[in-house]
Amino acid sequence: MQNGVIYATNVMNALIKADPEERAAIRQRGENYIQQLKTLDSWAKTSFEAIPVAKRKVLTSHDAFGYFGQRYGVTFLAPVGFSTEAEASASAVGGLINQLKQQHISSYFIENQTDPRLVKQIASATGAQPGGELYPEALSVASGPAATYEAAFKHNVNAMLSSMR
């Protein structure tokens, strides 16, 4: 969410530069939006802090939540690293299955832009149940649960929190 604040600030400043006559209106709307993002950040931080650290673990298709994990103290386990083009080795998958069993991780998430087959296979080997779909890199359709940046963030946080209780 902190990066969202940076992006929103940069967009606001660029719009002011492009249309200085509308400076006051652009700044007002931009600052309102930035405040909404800061409120969401605070809500997420407080919500995750209420969950024991040992339960703040999420199985996903690939490691797309690095900043999120650092900010909110969530550990993401994934068979594939940051790149969706990478292939997981058999030993890495085996190690991940053992880790999931040892740490009693009971939910897995698919991501809206990745192939879910490997994470489903791993989940099957561990008994993990589906926790839903996450939106780390792209929004849903306009009528979906993650049609805006804020909606995607709320959806992801709520889905993860539900799996940790």
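Residues numbered from 1 in each chain as written. Predicted model: local features only at pLDDT ≥ 70, side-chain atom pairs only at ≥ 80, totals over all residues. Heavy atoms only, no water.

1. Some points on the overall build of the chain
Phase 1 of the analysis: Counting its secondary structure elements, the chain contains six helices and four strands.
Phase 2 of the analysis: Secondary structure elements in the chain, listed N-terminal to C-terminal, are α-α-β-α-β-α-β-α-β-α.
Phase 3 of the analysis: When the backbone C-alpha atoms are referred to their principal axes, the chain occupies close to 60 × 35 × 30 Å.
Phase 4 of the analysis: Taking all 165 residues of the chain together, 38% fall into the buried category.
Phase 5 of the analysis: By element, 52% of the accessible surface of the chain is carried by carbon and sulfur atoms, the whole surface being about 9500 Å².
Phase 6 of the analysis: In the chain, 15 positive and 14 negative side-chain charges are present, and the distance between their average locations comes to 9 Å. (Helix = DSSP H or I, 4+ residues; strand = E, 2+ residues; numbered from the N terminus. Buried < 20%, exposed > 50% of the residue type's maximum accessible area, 1.4 Å probe, protein only. Areas by Shrake-Rupley, 256 points an atom, 1.4 Å probe, with all protein chains shown as cover. Lys, Arg positive; Asp, Glu negative; His and termini not counted. Charge placed at Lys NZ, Arg CZ, Asp CG, Glu CD.)

2. A word on helix α5 (residues 117-126)
Phase 1 of the analysis: Val119, Ile122, Ala123 and Thr126 are the residues of α5 that are buried. In an axial view of α5, the angular spread of the buried residues amounts to 100°, which keeps them on one side of the axis. Turned more than 90 degrees from where α5 packs its buried face, Arg117, Gln121 and Ser124 sit exposed.
Phase 2 of the analysis: Next to the buried residues of α5 lie β1 (57-59), α4 (90-102) and β3 (107-111).
Phase 3 of the analysis: Positioned one or two residues after α5, Gly127 has a phi angle of 85°, which is positive. (Arc of directions from axis to C-beta. Contact = heavy atoms within 4.5 Å.)

3. Focus on the confidence of the model for the chain
Phase 1 of the analysis: Of all residues in the chain, 92% have pLDDT values of 70 or greater, and the mean over the chain is 86.
Phase 2 of the analysis: Confidence scores differ between elements of the chain, with α4 showing the lowest mean pLDDT of 76 and helix α2 (residues 23-49) the highest of 97. (pLDDT = per-residue confidence, 0-100.)

4. Some thoughts on the side chain of Ser163
Phase 1 of the analysis: With respect to the element layout, Ser163 can be found in helix α6 (residues 149-164).
Phase 2 of the analysis: The exposure class assigned to Ser163 is buried, which follows from its relative accessible area of 17%.
Phase 3 of the analysis: Not counting chain neighbours up to four residues away, the residues in contact with Ser163 comprise Ser107 and Phe109.

5. What to know about the pattern of salt bridges
Phase 1 of the analysis: Tallied over the full model, the rule gives three salt bridges.
Phase 2 of the analysis: Between Arg71 and Asp41 there is a salt bridge, with the nearest N and O atoms lying 2.6 Å from each other. Of this pair, Arg71 sits in helix α3 (residues 66-72) while Asp41 sits in helix α2, and the two are 30 residues apart along the sequence.
Phase 3 of the analysis: Residue Asp41 is classed as buried on the basis of its relative accessible area, which comes to 10%.
Phase 4 of the analysis: Between Lys45 and Glu49 there is a salt bridge, with its nearest N and O atoms 4.0 Å apart. Taken together, the residues span about one helical turn, with Lys45 and Glu49 both in helix α2 at a distance of four residues. (Salt bridge = Lys/Arg side-chain N within 4 Å of Asp/Glu carboxyl O.)

6. Some thoughts on the packing of aromatic side chains
Phase 1 of the analysis: Under the criterion given, the structure shown has eight aromatic pairs.
Phase 2 of the analysis: Between Phe48 and Phe68, the aromatic rings sit 5.8 Å apart at their centres with planes inclined by 85°, giving edge-to-face as the arrangement. Of this pair, Phe48 sits in helix α2 while Phe68 sits in helix α3, and the two are 20 residues apart along the sequence.
Phase 3 of the analysis: Residue Phe68 is classed as buried on the basis of its relative accessible area, which comes to 12%.
Phase 4 of the analysis: Here the aromatic rings of Phe65 and Phe68 are separated by 5.8 Å at their centres, their planes lie at 80°, and the arrangement is edge-to-face.
Phase 5 of the analysis: Its relative accessible area of 6% is what places Phe65 among the buried residues.
Phase 6 of the analysis: Aromatic ring contacts, followed pair by pair, group Phe48, Phe65, Phe68, Tyr72, Phe76 and Phe153 into a single cluster. (Phe/Tyr/Trp six-rings, centres within 6.5 Å; stacked < 30°, edge-to-face > 60°.)

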